Amino acid sequence: MSINPLFRDEINFRDLGGYKAQDGRVLKHGLIYRSGGIYLMNPEELDHFKSLGIKYILDLRTAEESRHQPDPVLNQVKMVRHSGVVFRGGEEIDFSPVGMSKIGQEGLDQRDHLLSYYTEMPFDNEAFQILIDELEKNEVPIVFHCATGKDRTGVAAMVILTALGIPKETILQDFLLSNQYHMPTINRVLEENREKILQHPILEELLRMRTGVTEKTGKLVLDNIFNRYGSPEKYLEEEFHLTPERLSKFRDFYLD
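Being a predicted model, the structure only gives us computed values, none of them experimental.

Asker: Just checking my understanding: could you explain the environment of Gly 165 for this structure?
Answerer: Looking at the element boundaries, Gly 165 is found in the loop between α5 (152–163) and α6 (168–176). Taking the C-alpha atoms as reference, Gly 165 lies 9.9 Å from Tyr 19; in sequence the two are 146 residues apart. Leave out the neighbours within four places in its chain, and Gly 165 touches Ala 21, Gln 22 and Arg 251.

Right, here's the structure in full:
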């Protein structure tokens, strides 16, 4: 939940422990980690990563992403790759730098498509179902990651923190914390496009979505999680089969 000095900021590696749940208990440290790609780690970072005793790594990237930049194979660690991409609403989105630099009406359409895409990510997502299932089996310490640790990983963290009864405002803060990790890149890209942004304000929003995360995105995702089924508890039961009894046991294991 804060910048980890043992990893470079761009790794976006953090322990979710320390967040306070609505019932007053606190999420235990050293059990659930979120990160950017493990393949990004240098030898010193990888040595520290190995010292954490990780049992399970879930790579949320696509098969193509993983093939081009595979994670290092780690002994005695169960490594699973299952894409966190939910294609419903995302099939026609151009995620390339060109696609994320559109202006005018095309830029507005791109932004709206992206927001729709991200708000659907918590639903019917097999990768997230795998993640919650492994957490319910106490397969920890666990790490889940995508490429930059901010989008698929960010939404996955929202789901986990919701299941643990962390307040909505805190979950949003965790999502937005990725901007601290990626701040140099965000600032550089915005500065490189400063003149164009002055002429086409929509470009700034798209560039912030490309290099970091936005509060608008986070709020829309959380509103869907909390409200689509009427309550977060109903969402957890419908999407992950976390009945009240199972949810109580889940929280008892991870919260002190």
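Asker: Which parts of the structure should I look at to understand the nonpolar core?
Answerer: Generally speaking, soluble globular proteins have nonpolar side chains that are buried together. Ile 32, Phe 128, Leu 135, Phe 144 and Tyr 254 are the most contacted members of the largest nonpolar core, which has 54 residues in total. Looking at which element gives the most residues to this core, the answer is α5, with eight residues. Not counting chain neighbours up to four residues away, the residues in contact with Ile 32 comprise Arg 14, Asp 15, Leu 16, Gly 17, Leu 27, Leu 135, Ile 142, Phe 144, Ile 160, Leu 164 and Tyr 254. In this structure, Phe 13, Leu 74, Val 77 and Val 143 belong to the second largest nonpolar core, which totals 13 residues.

Asker: Would you explain the environment of Gly 107 in this entry?
Answerer: Relative to the helices and strands, Gly 107 is located in helix α3 (residues 104–120). Owing to a relative accessible area of 0%, Gly 107 belongs among the buried residues under this scheme. Residues Gly 107 and Val 221, 114 residues apart in the sequence, show an inter-C-alpha distance of 21 Å. Once you skip the residues sitting within four places of it in the chain, Gly 107 turns out to touch Lys 102, Ile 202 and Leu 206.

Asker: Help me understand the pairing of strand β5 (residues 142–145) in this model?
Answerer: Side chains on a regular strand alternate between the two faces of the sheet. Residues Ile 142 and Phe 144 of β5 are buried on one face, and the alternating residues Val 143 and His 145, pointing to the opposite face, are buried as well. When strand β2 (residues 32–35) meets β5, the two strands line up parallel, connected through four bridges. Across the sheet, the residue bridging to Ile 32 is Ile 142, located in β5. Where strand β3 (residues 56–59) lies against β5, four bridges are found, and the strand directions are parallel. By the bridge assignment, Asp 59 is partnered in β5 with His 145.

Asker: I would appreciate a short explanation of the packing of α6 against helix α11 (residues 215–227) in the present structure.
Answerer: It is at 10 Å that the axes of α6 and α11 come closest, and there the two elements cross at 140 degrees. Put simply, α6 runs oblique to α11. Crossing angle aside, the handedness with which α6 passes α11 is right-handed. Only Glu 215, Thr 217, Gly 218, Lys 219, Leu 222, Asp 223 and Phe 226 of α11 make contact with α6, whose side of the interface consists of Lys 168, Ile 171, Leu 172, Phe 175 and Leu 176. For the contact of α6 with α11, the per-class residue count stands at six nonpolar, two polar and four charged.

Asker: Just to check I follow, could you spell out helix α8 (residues 183–192) for this structure?
Answerer: Because each turn of an α-helix spans 3.6 residues, side chains separated by three or four positions in sequence point in the same direction. Every buried residue of α8 is listed here: Ile 186, Val 189 and Leu 190. Looking straight down α8, one finds its buried side chains confined to an arc of 100 degrees; they lie on one side. In α8, the exposed positions angled more than 90 degrees off the buried face are occupied by Pro 184 and Glu 192. For α8, the elements touching its buried residues are α7 (178–181), α9 (194–199) and α10 (202–211).

Asker: Even after reading the chapter, I still don't get the pairing of strand β4 (residues 78–81), so can you show me in this structure?
Answerer: Relative to β4, β3 runs parallel, the two being bridged by four bridges. Each residue of the ladder has a partner; that of Asp 59, found in β4, is Arg 81. After leaving β3, the chain enters helix α2 (residues 63–68) and then returns to the sheet as β4, a path that is right-handed.

Asker: Please clarify how the side chain of His 182 should be interpreted in this entry.
Answerer: With respect to the secondary-structure elements, His 182 resides in the loop between α7 and α8. When neighbours within four sequence positions are excluded, His 182 is seen to be in contact with Glu 10, Asn 12, Thr 148, Lys 150 and Thr 211.

Asker: Is there a simple way to explain the packing of aromatic side chains in this structure?
Answerer: Aromatic ring pairs are described here by two measures, namely the spacing of the ring centres and the angle between the planes. Throughout the structure, instances matching the rule amount to 10 aromatic pairs. Taking the centre distance of 5.5 Å and the plane angle of 75 degrees together, the rings of Phe 123 and Tyr 235 count as edge-to-face. Taken as a pair, Phe 123 in the loop between α3 and α4 (126–136) and Tyr 235 in helix α12 (residues 232–240) lie far apart in primary sequence, 112 residues in all. Across this residue pair, the class does not change: Phe 123 and Tyr 235 are buried. For the ring pair Phe 250 and Tyr 254, a centre distance of 5.3 Å and an interplane angle of 50 degrees mean the geometry is tilted. With a gap of four residues between them, Phe 250 and Tyr 254 both fall in helix α13 (residues 244–254), about one helical turn apart. Like Tyr 254, Phe 250 is buried.

Asker: Explanation requested: the packing of α3 against α10 in the structure shown.
Answerer: Helix packing for two helices is described by the angle between their axes and how far apart those axes are. The geometry of α3 relative to α10 is characterised by a closest axis approach of 9 Å and an angle of 35 degrees between their N-to-C directions. Of the two possible hands of crossing, α3 and α10 adopt the one that is left-handed. In this structure, α3 contributes Gly 104, Gly 107, Leu 108, Gln 110, Arg 111, Leu 114, Leu 115 and Tyr 118 to the contact, and α10 contributes Ile 202, Glu 205, Leu 206 and Met 209. Split into classes, the residues belonging to the contact of α3 with α10 amount to seven nonpolar, three polar and two charged.

What counts and what doesn't
Residues numbered from 1 in each chain as written. Predicted model: local features only at pLDDT ≥ 70, side-chain atom pairs only at ≥ 80, totals over all residues. Heavy atoms only, no water. Helix = DSSP H or I, 4+ residues; strand = E, 2+ residues; numbered from the N terminus. Contact = heavy atoms within 4.5 Å. Core = buried A, V, L, I, M, F, W, Y, C linked by side-chain atoms within 4.5 Å. Buried < 20%, exposed > 50% of the residue type's maximum accessible area, 1.4 Å probe, protein only. Pairing = 2+ DSSP bridges. Axes fitted to C-alpha atoms, helices over the stretch in contact; angles between N-to-C directions. Parallel < 35°, antiparallel > 145°, perpendicular 65-115°, else oblique. Left-handed = near helix turned anticlockwise from the far one by under 90°. Nonpolar A, V, L, I, M, F, W, Y, C, P; charged D, E, K, R; others polar. Arc of directions from axis to C-beta. Right-handed = clockwise from strand over helix to strand, strands pointing away. Phe/Tyr/Trp six-rings, centres within 6.5 Å; stacked < 30°, edge-to-face > 60°.

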